[in-house]
Amino acid sequence: MRKMSAPEFDVIVVGASFAGLAVARRLRGKVLLLDRNEVGELQTSACGTPLWVAQALGVTSSVLQVHERLTIRTGRHAVSYDLSAVPFCTFDYRAFCQGLLAQCEARFLKTAVTELKDGRVVTSDGSFRAPIIVDCSGWRGVLVNGAAGVRPAGGAYTFGLEAHTPVRDDGLTFFIDREVIPRGLGWIFPVGAGSLIGLGSYAGRSKLRPALDRYLDDQRIQPGAYHGTYFPNRPGRATVGRLFVVGDAAGQCLPLTAEGIRPALYFGGECGGLVHRIISGAMTLEAGLARYRALVRRYRKAYWLLWSGQWLTLHAPMAWLTALTRLAARRPLHPQWWPRYGQFGRVEATASPG
Ligand SMILES: Cc1cc2nc3c(=O)[nH]c(=O)nc-3n(C[C@H](O)[C@H](O)[C@H](O)COP(=O)(O)OP(=O)(O)OC[C@H]3O[C@@H](n4cnc5c(N)ncnc54)[C@H](O)[C@@H]3O)c2cc1C
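Here the structure is a predicted model, which means the values were calculated and not measured. (Residues numbered from 1 in each chain as written. Predicted model: local features only at pLDDT ≥ 70, side-chain atom pairs only at ≥ 80, totals over all residues. Heavy atoms only, no water.)

Participant: Can you explain the overall build of the protein? Please cite residues and give values.
Facilitator: Scanning the protein from terminus to terminus reveals 10 helices and 19 strands. Relative to its length of 354 residues, the protein is compact, with a C-alpha radius of gyration of 20 Å against a globular reference of 20 Å. Over its C-alpha atoms, taken along the principal directions, the protein stretches across nearly 60 × 45 × 40 Å. Here the protein, with 354 residues, has 52% of them falling under the buried criterion. Considering only contacts within the protein whose residues lie at least 6 apart along the sequence, 72% involve residues at least 24 apart. Taken as a whole, the protein presents about 15900 Å² of accessible surface, with 53% of it coming from carbon and sulfur. For the protein, the distance from the average site of its 42 positive side-chain charges to the average site of its 26 negative ones is 6 Å. (Helix = DSSP H or I, 4+ residues; strand = E, 2+ residues; numbered from the N terminus. Rg over C-alpha atoms; globule rule 2.2 N^0.38 Å. Buried < 20%, exposed > 50% of the residue type's maximum accessible area, 1.4 Å probe, protein only. Contact = heavy atoms within 4.5 Å. Areas by Shrake-Rupley, 256 points an atom, 1.4 Å probe, with all protein chains shown as cover. Lys, Arg positive; Asp, Glu negative; His and termini not counted. Charge placed at Lys NZ, Arg CZ, Asp CG, Glu CD.)

Participant: Explain a nonpolar patch on the surface residue by residue, including any values.
Facilitator: A cluster of nonpolar side chains, contributed by L324, L327, L333 and W337, occupies part of the molecular surface with about 340 Å² of accessible area. Going through the elements one at a time, helix 8 (318-329) and helix 9 (333-343) are the ones with two or more residues in the nonpolar patch. Here L333 lies in helix 9. (Patch = residues over 30% accessible without salt bridge, like charges linked within 9 Å, V, L, I, M, F, W, Y side chains within 5 Å. Salt bridge = Lys/Arg side-chain N within 4 Å of Asp/Glu carboxyl O.)

Participant: Report on the site of the ligand, specifying residues and quantitative values.
Facilitator: For the ligand, the set of nearby residues contains 33 residues, the closest of which are S17, D35, G48, V113 and D248. Within the backbone of G260, one N or O atom sits 3.0 Å away from an oxygen atom of the ligand. A total of 1000 Å² of accessible area belongs to the ligand in isolation, and the protein chains cover 92% of it. Of all the secondary-structure elements, those providing two or more residues to the shell around the ligand are helix 1 (18-24), strand 13 (157-165), strand 15 (184-190), strand 17 (226-232) and helix 5 (261-279). (Near = heavy atom within 4 Å. Polar contact = N/O pair within 3.5 Å; in protein donor to acceptor, adjacent residues only side chain to side chain.)

Participant: Just give me the short version of the pairing of strand 10 (residues 120-123), but keep the residues and values in it.
Facilitator: Pairing geometry for strand 9 (residues 113-117) and strand 10, over 4 bridges, is antiparallel. Within the sheet, the bridge partner assigned to K117 lies in strand 10 and is R120. Between the antiparallel neighbours strand 9 and strand 10 lie 2 residues, among them D118 with a positive phi of about 50°. Note: strand 10 against strand 11 (residues 126-129), 4 bridges, orientation antiparallel. Paired with V122 across the bridge in strand 11 is S127. Here strand 10 hands over to strand 11 after 2 residues, the two strands then running antiparallel side by side. (Pairing = 2+ DSSP bridges.)

Participant: Describe helix 7 (residues 300-315), and please don't skip the residues or the numbers.
Facilitator: Note that an α-helix has 3.6 residues per turn; residues three or four places apart therefore point the same way. The first and last C-alpha atoms of helix 7 sit 22 Å apart over 16 residues, in line with the 22 Å expected at 1.5 Å per residue. All buried positions along helix 7 are accounted for by Y303, L306, G309, Q310, T313 and L314. When helix 7 is viewed along its axis, its buried side chains cluster within an angular range of 145° and face the same direction. Seen from the buried face of helix 7, the exposed residues on the opposite side, beyond 90 degrees, are R300, K301, W304 and L305. For helix 7, the elements touching its buried residues are strand 14 (172-176), strand 15, helix 5, helix 8 and helix 9. (Expected span 1.5 Å × (residues − 1). Arc of directions from axis to C-beta.)

Participant: An account of the sheet that holds strand 10 is needed here, citing residue identities and associated values.
Facilitator: Strand order in the open sheet made by the 3 strands is 9-10-11, with antiparallel pairing throughout. On the outer flanks of this sheet lie strand 9 and strand 11, each paired with one strand and no other. Averaged over all pairs of adjacent strands, the angle between strand axes in this sheet comes to 25°, irrespective of strand direction. (Axes fitted to C-alpha atoms, helices over the stretch in contact; angles between N-to-C directions.)

Participant: Tell me about the environment of L243, and name the residues and values.
Facilitator: Its location among the elements puts L243 in strand 19 (residues 243-245). Of the residues examined, L243 reaches a relative accessible area of 5% and is grouped as buried. The sequence separation of L243 and H227 amounts to 16 residues, and the corresponding C-alpha distance is 30 Å.

Participant: Hey, could you go over the nonpolar core for me, with residue numbers and the actual values?
Facilitator: Counting residues in hydrophobic clusters, the biggest one holds 77 residues, and the most contacted among them are F96, V134, F244, F267 and Y292. The leading source of residues in this core is helix 5, at 9 residues. Not counting the four nearest positions on each side in its chain, V134 is found in contact with V11, I12, V13, V14, V23, F244, V246, C271 and V275. (Core = buried A, V, L, I, M, F, W, Y, C linked by side-chain atoms within 4.5 Å.)

Below is the structure:
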């Protein structure tokens, strides 16, 4: 095992996925970026996000397929949404993350982080110290939740499992079918050469493999590799002491739609901008922490709205859900809510490195 002394850094970022890379690409100086995996090695997500996100971040070459249509199926009913005002895409996780890493000046170290102790980030390769520490370690929040970690109980975490399949299709599909998944939803996300087909349990039920296999078998679809994990559906703490917390570690994944990539990139970019100002002496750490907390607080209402939609998906009769999904696809509602939802995070994500 490599043993390292304890060098000083300006910033330590824990986690080098969406949130961590979005923070790190805004920083210059002595930045240490830590992850237990190589960057882009371990995909947990279907990697669907608005196309403008990949374009604004300069990683368009990672895009696998562009989607201008979303179908929502409630039982036997299907409603089609026109996404052309803000098209979505599915992208290659490794290419997306490697593209962001290439924009970072940080020093990357592959190592497992265990805790924050006496102000030092403890890893399997020694411990490191910096005045600013950012926890971007995903739903477990290795620093923010301490060595004890979190228990994904009580409905605050959704569990998602998906399989690579050879299904080729146009557009994205979500389906709500309580016989397939009683307290959640399913999705089909085409990724060029095939589709990722998955189930998500809002109740956090992690044993989804039998239900997913049954669904694929019924549709005569041959599954390839599976991946999945938990992701939060409720906001958590954005700062703890002098720690910034970003992405799933801060519960920033959107409820209902389970979109966690865009919030991780957005809040990560904003947090990185603030940290950059702290390092350069333009702002105190305390002011930076307060500004970041205030920014996250501004979105409380939006999260609450989406959480209400998630609650309805769980509890409303199917006939209501069908009526609601139809209403949301029609004028004048659809041209109002879709661009607003699809543009969330736009200005800030375009911010260039440094
Ligand atoms: C099946 C599934 C499908 C999904 N599909 C979509 C989708 O299509 N679109 C979308 O927007 N969202 C989707 N999500 C949600 C999305 O994946 C997450 O919200 C998003 O990945 C959060 O980004 P993050 O950077 O905060 O955390 P993560 O992507 O989880 O990254 C955390 C990083 O921290 C590292 N890490 C963790 N612990 C340690 C440790 N102890 N030491 C060192 N490193 C550590 C990990 O290796 C990882 O690289 C999906 C989730 C699942 C489970």
